[in-house]
Amino acid sequence: MANFSDLLLDVCRVRRDFPILDREVHGKPLVYLDNAATSQTPRQVIEVFDDYYGRYNANIHRGLHTLADEATAAFEGTRETVRAFLNAAETREIVFTRGTTEAINLVVNAWGRANLGPGDEVLVSRLEHHSNIVPWQLLARELGFTIKVIPVDERGVLDQAAYRDLFTERTRLVAVNHVSNAFGTRNPVAEMARVAHEHGARILVDGAQAAPHQTLDVRAIDADFYTFSGHKAYGPTGAGVLYGKAELLEAMPPWQGGGEMIKTVSFEAPTTFADIPHKFEAGTPAIAEVIALGRALEWVSEIGLELIGAWEGRLLEHATEGVQRIEGLRILGTAPDKVGVLSFVVDGAHAQDIGLLIDQLGVAIRTGHHCAQPLLSSFGVDATCRASFAAYNTPEEVDVFVDGLERVVAMLR
Ligand code: PLP
């Protein structure tokens, strides 16, 4: 069994912050192992909503009254929290979005429309979530650029030699995730950024699965764009982040038009736009959600990302060891550098049936294509089961999951 004793994570204390972990499902204690889809939310984050709507609910930026000032200060304070979390150089490089999907669509539509045309090439990895594939495909159909796919090997590791060979003088951008949601592979994004820049291309790193699991440094990676979602990082749904280098954001045209993103609007003269990041934040944003996202990142930093990553790594080790005793189980994604994601299929038992039956034992895992159909189809499967870990999971919960899986598989065969 993996050794947990040297890690200074007080998991009982961590769990006390999560009211939902006390609930039962089908009469059994909840074992929540679907963290890669959405992580649970600590009470410190939940309390932000009561506080905001109970004390200082007001629209931001425009008001001169006290409530508007307080809401603006809390909202803009989160921009600084996110800047520090990503180690970005300036707060104006942080754009708030609804999540990773919207952040990627912003880059595709604002940067892509201004910089891509017929004959240009965008490299997209086979490990991508659909949200880093489909927006590029939609724009490619319209503008006529080509999408080239960075292949993976049988472990789910991106082939770096093939990646280097894909570059031509028409390569404009690389789209790659920091961590794969389907397999947990951690990609060498700093090295991939170096290669992209050597060829004069930009790189967008989708950090949705990296943000809550490891220390981030967009400057060390030298990412041109970096995205993540609040709801996978102990925060609420509806708030996410696009980081972009200031000079790129400044050169990009706006994406959505509306209030807040303008300097002046006129029918007689050209409308002028606000400075970054506000140029990309049209309309009233998800104010409470953004403030709550800031609180979530503070919570994560209080525990420590290094410690969280190490803890989840041990849980993964323990689970990987445990499931080996199930005959006919095959793990997909065996990269040497992985986060706490365990994806697998079992001979004679369909993923969907496993998911439904193990839920009866109180264990929540995800089954399906994980919005990564191109990846799964290249491994000859249309669905896997996926258990994914967070700071509040325990080795005992992993045991419940493995024992439950064994029982469920026996029933299905
Ligand atoms: N990218 C990756 C790697 C993901 O895992 C996900 C969600 O699972 C997304 C993007 C999309 O995130 P959201 O649905 O929060 O926009």
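Per an unreviewed UniProt entry, the chain goes by cysteine desulfurase and derives from Halomonas cerina. Under Catalytic activity (unreviewed entry), UniProt gives the following word-for-word description of the chain: "(sulfur carrier)-H + L-cysteine = (sulfur carrier)-SH + L-alanine". Under the heading Sequence similarities (unreviewed entry), UniProt records this for the chain: "Belongs to the class-V pyridoxal-phosphate-dependent aminotransferase family. Csd subfamily."

(A) The arrangement of the site of the ligand in detail. Every residue lining the ligand is accounted for by Thr 100, Thr 101, His 129, Ser 131, Asn 181, Asp 206, Ala 208, Gln 209, Ser 229, His 231 and Lys 232. Within the side chain of Thr 101, one N or O atom sits 2.6 Å away from an oxygen atom of the ligand. Ser 229 places a polar side-chain atom, nitrogen or oxygen, 2.7 Å from an oxygen atom of the ligand. In the complex, 85% of the free accessible area of the ligand, which totals 390 Å², lies under the protein chains. The residue makeup of the shell around the ligand, split by class, is 1 nonpolar, 8 polar and 2 charged.

(B) Fine view of the sheet that holds strand S9 (residues 225-229). Spatially, 7 strands are ordered S4-S10-S9-S8-S7-S5-S6 in an open sheet, and the strand pairing comes out mixed. Two strands bound the open sheet, and with one partner strand each, they are strand S4 (94-97) and strand S6 (146-150). The mean angle between the axes of side-by-side strands here comes to 20°, regardless of whether they run parallel or antiparallel. The pairing of strand S7 (residues 171-177) with strand S8 (residues 202-206) spans 5 bridges and is parallel. Bridge assignment links Val 176 to a residue of S8, and that residue is Val 205. This element, helix H3 (residues 66-86), spans S4, S9 and strand S10 (240-244) of the sheet and lies at about 115° to S4.

Quick notes on the rules
Residues numbered from 1 in each chain as written. Predicted model: local features only at pLDDT ≥ 70, side-chain atom pairs only at ≥ 80, totals over all residues. Heavy atoms only, no water. UniProt positions renumbered as here; feature names shortened; annotations may be inferred. Near = heavy atom within 4 Å. Polar contact = N/O pair within 3.5 Å; in protein donor to acceptor, adjacent residues only side chain to side chain. Areas by Shrake-Rupley, 256 points an atom, 1.4 Å probe, with all protein chains shown as cover. Nonpolar A, V, L, I, M, F, W, Y, C, P; charged D, E, K, R; others polar. Pairing = 2+ DSSP bridges. Helix = DSSP H or I, 4+ residues; strand = E, 2+ residues; numbered from the N terminus. Axes fitted to C-alpha atoms, helices over the stretch in contact; angles between N-to-C directions. Contact = heavy atoms within 4.5 Å.

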